[in-house]
Amino acid sequence: MVVDVVRMLSALLLTLGLVLIDTAVPSALSPHTDAPSHHVRDGFRNVAPDYAYPLIGRALRTLRLGFEHAPARGRTPAVLTNDGAELRANGMVPTLTWIGHSTFLLQIDSVNILTDPHWGDRASPVMFTGPRRLVPPGMRFEDLPPIHAVIISHDHYDHLDEATVRRLNAAYHPTFFVPLGIKAWLAKVGITNVVELDWWETREFRGLTLVCTPAQHSSGRGLLDQNRRLWSSWVVRGRDRRLFFAGDTGYYDAFKEIGERLGPFDVAFIPIGGYSAYERHPNHVNPEEAVQIFEDLGARLMVPMHFGTFDLNREPFREPPDRLMREALRRGLEESVALLSPGQTIHW
Ligand code: ZN
Ligand code: ZN
C-alpha cells in the first residue's frame, strides 16, 4: 500500500516534470536583429508561422499517459540479434543497423557513426522511474566496431543519454557533432571532442561532410533549460552516398528545402512515433506526415525510427509501423520503405 502510494506519487511528479521538460514554450521574445530567425535571447524557437503547442492540452494528455501501462499497448518489435562480427570486419561496404529508437550505427566510407546513441534502461533523468526501455538494444555496446563520430539531434533524454555518451567517450573518444548549446553540456560531463553547429553549418570529417539542418521540436533536460539548446536534423554526405537523419521533429516546410539544397538522399531516417493522441502533433510526426517528409526530401529509401523501444507516448506499439506501411502502399511507395527490426543491418 505504502509502496503503491510512493510509486503513484513518483509517477505523478515525474509526469509533471516531463510535461515541463518536454514542453515547447513558444518564446514571446523576438529574434535579435541580424540573428537567424530561430535564435532568441536565451535560446531557440521554432520558425513556422503557424507553430503552436498549447501547454494545457499537452499537460492533460501527458498526465493520462503517466497511468497507462505498456502491456495495454500491445507487442513491441522483436529483436534480431546482431553480434556485430560482420560490421567489425567491414571495410568499405556502406551499412546501417537499427539499434532501437533513434540510435543507428552507420558505416560509410570506412567511417563508423552512431546517431543519438542510447544503451540505457530508461529515457529519464533518474534511474528508479521514468520511461522504461521495453526492447533491448539490437547490438551489445561491447560488440560495436570502433566509433569515429557521434551525431546528436537534441538534448531530450531519449536522444542524449549521459551514461552512453560517457561510455562512448571513454571507449572510443569519438568526435561528437551537436547543435548549438550541447557542447557546454557535454563539457560538464567531461566530453570535449565536440563540433557544435548551427542550422545549415557544415563540417568536413574523415572525407565526409556533415551538415546540421533544421527541425521543428524543443529541448530541455530540466525546468530551467527549456529551449536553451538547439534541436536539429543532420545530413551525412560521403563519396557517393547521402543520408538524412531527421532527429525528432514535427511536420513543416523545411524538408523540401533540405532536399533541394543537400539531396538527393539515398536514405532518410524519419521518426514515426510519439504523436500520441494528437491529430497533428507540433513536435512529432505521425506516420502519414513521416511519409510526406520522405516525399518532400526526394529520398530513395525511408527507414523509420523513434517507435516501439521505450515506454513513451500513448499510441499502441504496432500502430506507427502499421500506419506507415498502409500509407506507403496507398502512395505506391511500399518498395521504398525499409521497416527494420532492432539489430537488423542493411546495405545501402
Ligand atoms: Zn525530443
Ligand atoms: Zn524523442
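Above this text sits the structure in question.
Being a predicted model, the structure only gives us computed values, none of them experimental.

A. Layout of the packing of aromatic side chains. As enumerated under the stated definition, the model contains ten aromatic pairs in all. Considering the side-chain rings of Phe 244 and Phe 265, the 5.6 Å spacing of their centres and the 40° angle between planes classify their relative orientation as tilted. Of the two residues, Phe 244 is situated in strand 12 (residues 242–245) and Phe 265 in the loop between helix 6 (254–262) and strand 13 (267–271); the sequence distance between them amounts to 21 residues. The exposure class of Phe 265 is buried, given its relative accessible area of 2%. Where Tyr 252 meets Phe 255, the ring centres are 5.9 Å apart and the plane angle is 85°; that geometry is what we call edge-to-face. In terms of burial, Tyr 252 and Phe 255 fall into one category: buried. Above the face of the Tyr 157 ring, Arg 221 is positioned so that its terminal group lies 4.1 Å from the ring centre. Above the plane of the ring of Trp 200 lies Arg 261, whose end atom (NZ or CZ) is 3.7 Å from the centre.

B. Examining the coordination of the zinc ion (ligand 1) more closely. His 154 (NE2), His 156 (ND1), His 217 (NE2) and Asp 248 (OD) make up the full set of protein donors to the zinc ion (ligand 1), lying at 2.1 to 2.5 Å. Around the zinc ion (ligand 1), the four donor atoms sit at angles spanning 84 to 174°, and that spread fits a shape best called irregular. The two metals, the zinc ion (ligand 1) and the zinc ion (ligand 2), are separated by 3.6 Å and share Asp 248 as a common coordinating residue. One end of the pair, His 156, is in the loop between strand 6 (149–151) and helix 4 (162–172); the other, His 217, is in the loop between strand 10 (208–213) and strand 11 (233–237), and 61 residues separate them in sequence. Under the relative-accessibility criterion, His 156 is labelled buried at 5%. We classify His 217 as buried; its relative accessible area is 0%.

The rules behind each value
Throughout, a residue's number is its position along its own chain's written sequence, starting from 1. The lettering of chains begins at A and the numbering of ligands begins at 1, in the order of writing. Restriction of local features to residues with pLDDT of at least 70 applies here, the model being predicted, together with a cutoff of 80 or more for giving and counting side-chain atom pairs; totals for whole chains, interfaces and linings are based on all residues. Just so you know, side-chain values use all the structure's heavy atoms and leave hydrogens and water out. Pairing of aromatic rings covers Phe, Tyr and Trp, the last through its six-membered ring, and needs centres within 6.5 Å; plane angles under 30 degrees mean stacked, over 60 mean edge-to-face, and all others mean tilted. Numbered from the N terminus, helices here are DSSP runs of H or I no shorter than four residues, and strands are runs of E no shorter than two. A simple rule labels every residue: compare its accessible area, found with a 1.4 Å probe on the protein chains alone, to the largest value its type can have, and call it buried under 20%, exposed over 50%, or partly exposed in between. Two conditions define a charge sitting above a ring: the NZ of Lys or the CZ of Arg must be within 6 Å of the ring centre, and it must be within 35 degrees of the ring normal. Only N, O and S atoms count as donors, using a 2.8 Å cut-off from the metal and 3.2 Å for Na, K and Ca, and because water is excluded some sites may appear unfinished. Key to geometry: four donors with every angle between 85 and 135 degrees are tetrahedral; four donors are square planar and six octahedral where opposite donors lie over 155 degrees apart and all remaining angles lie between 65 and 115; all other sites are irregular.

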